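# Structure assessment
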Amino acid sequence: MKNSGAILRTTGVWMKDPAALLLAILAVAMSVGCRKSTQLSGGMAPTITNAEAVTINYLAYADSSPRRWDVVALRGPSPLPSKSMFLKRVIALPGETISLSSTGIVLNGALLNMPAAVSNVYCPPERLPAGMTMVSFPFTVPPKHYFVVGDNWTNSLDSRHYGAVPGTNIIGRVVGK
């Protein structure tokens, strides 16, 4: 083990060099898959406002699936531009049946308990702006698809309008601001 001391000395050198340390930290951060991105619409307000930067983990779903209430980054399904990224909240999972009522979100026949952080953003269908076309409810989410909405229910183009999003369109999870 003649070389073990040389390895330790070499390792200690990069830890003392601020530029090398910064480069190492950047490499680790990039390998984890987190990057900053800026939200370009008000569809997630008040949670995420227009022009607000968020951190997205692009590897979050490499070995797992989105969960209810996750805020996800997704490529736009039709009619949205497919090259653009949008942020939406997952509210229904594959195989679940969702309805929207005047009292809240109904999932598989039962009223869904919303987390406190988003309970004040729900807008019943009868209070949405006139002329908004919506999918027919009850709506059953197809396999490998997710029903997503923006927290700004009165100003968000989401699954209520274009249906469930294929899991392949979901490219990451918002993990911070």
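Everything quoted here is computed from the prediction, not taken from an experiment.

### Thoughts on the environment of A45
- Here A45 lies in the loop between β1 (34-38) and β2 (53-57).
- Separated by 76 residues in the primary sequence, A45 and V121 have C-alpha atoms spaced 8.9 Å apart.
- Beyond its immediate chain neighbours, meaning those up to four positions away, A45 contacts D151 and N152.

### Concerning the confidence of the model for the protein
- For the protein, mean pLDDT is 82; residues scoring 70 or higher make up 75% of the total.
- When mean pLDDT is compared element by element in the protein, strand β8 (residues 139-140) scores highest at 98, while helix α1 (residues 4-16) scores lowest at 54.

### Here we look at the sheet that holds strand β5 (residues 97-101)
- Across the sheet, which stays open at both edges, the 4 strands sit in the order β7-β6-β5-β8 with antiparallel pairing between neighbours. A strand with exactly one partner marks an edge of an open sheet, and here the two such strands are β7 (110-111) and β8.

### What to know about the nonpolar core
- Core analysis: the largest hydrophobic core is formed by 20 residues, its most contacted members being I91, I98, I105, F139, F147 and W153.
- Contact partners of I105, with chain neighbours within four places excluded, come to I91, I98, S99, L100, A110, L111, L112, M114, Y122 and W153.

### A closer look at the packing of aromatic side chains
- Scanning all chains against the criterion turns up 3 aromatic pairs.
- Here the aromatic rings of Y122 and W153 are separated by 4.8 Å at their centres, their planes lie at 70°, and the arrangement is edge-to-face. Taken together, the positions of Y122 in the loop between β7 and β8 and W153 in the loop between β9 (145-149) and α3 (159-162) put the pair 31 residues apart, joining distant regions of the chain. Each member of the pair, Y122 as well as W153, carries the same accessibility label: buried.
- Judged by centre distance (5.6 Å) and plane angle (55°), the rings of F139 and F147 are tilted. In terms of burial, F139 and F147 fall into one category: buried.
- Every member of this aromatic cluster is reached through a ring pair, and the members are F137, F139 and F147.

Thresholds applied
- Residues numbered from 1 in each chain as written.
- Predicted model: local features only at pLDDT ≥ 70, side-chain atom pairs only at ≥ 80, totals over all residues.
- Heavy atoms only, no water.
- Helix = DSSP H or I, 4+ residues; strand = E, 2+ residues; numbered from the N terminus.
- Contact = heavy atoms within 4.5 Å.
- pLDDT = per-residue confidence, 0-100.
- Pairing = 2+ DSSP bridges.
- Core = buried A, V, L, I, M, F, W, Y, C linked by side-chain atoms within 4.5 Å.
- Buried < 20%, exposed > 50% of the residue type's maximum accessible area, 1.4 Å probe, protein only.
- Phe/Tyr/Trp six-rings, centres within 6.5 Å; stacked < 30°, edge-to-face > 60°.

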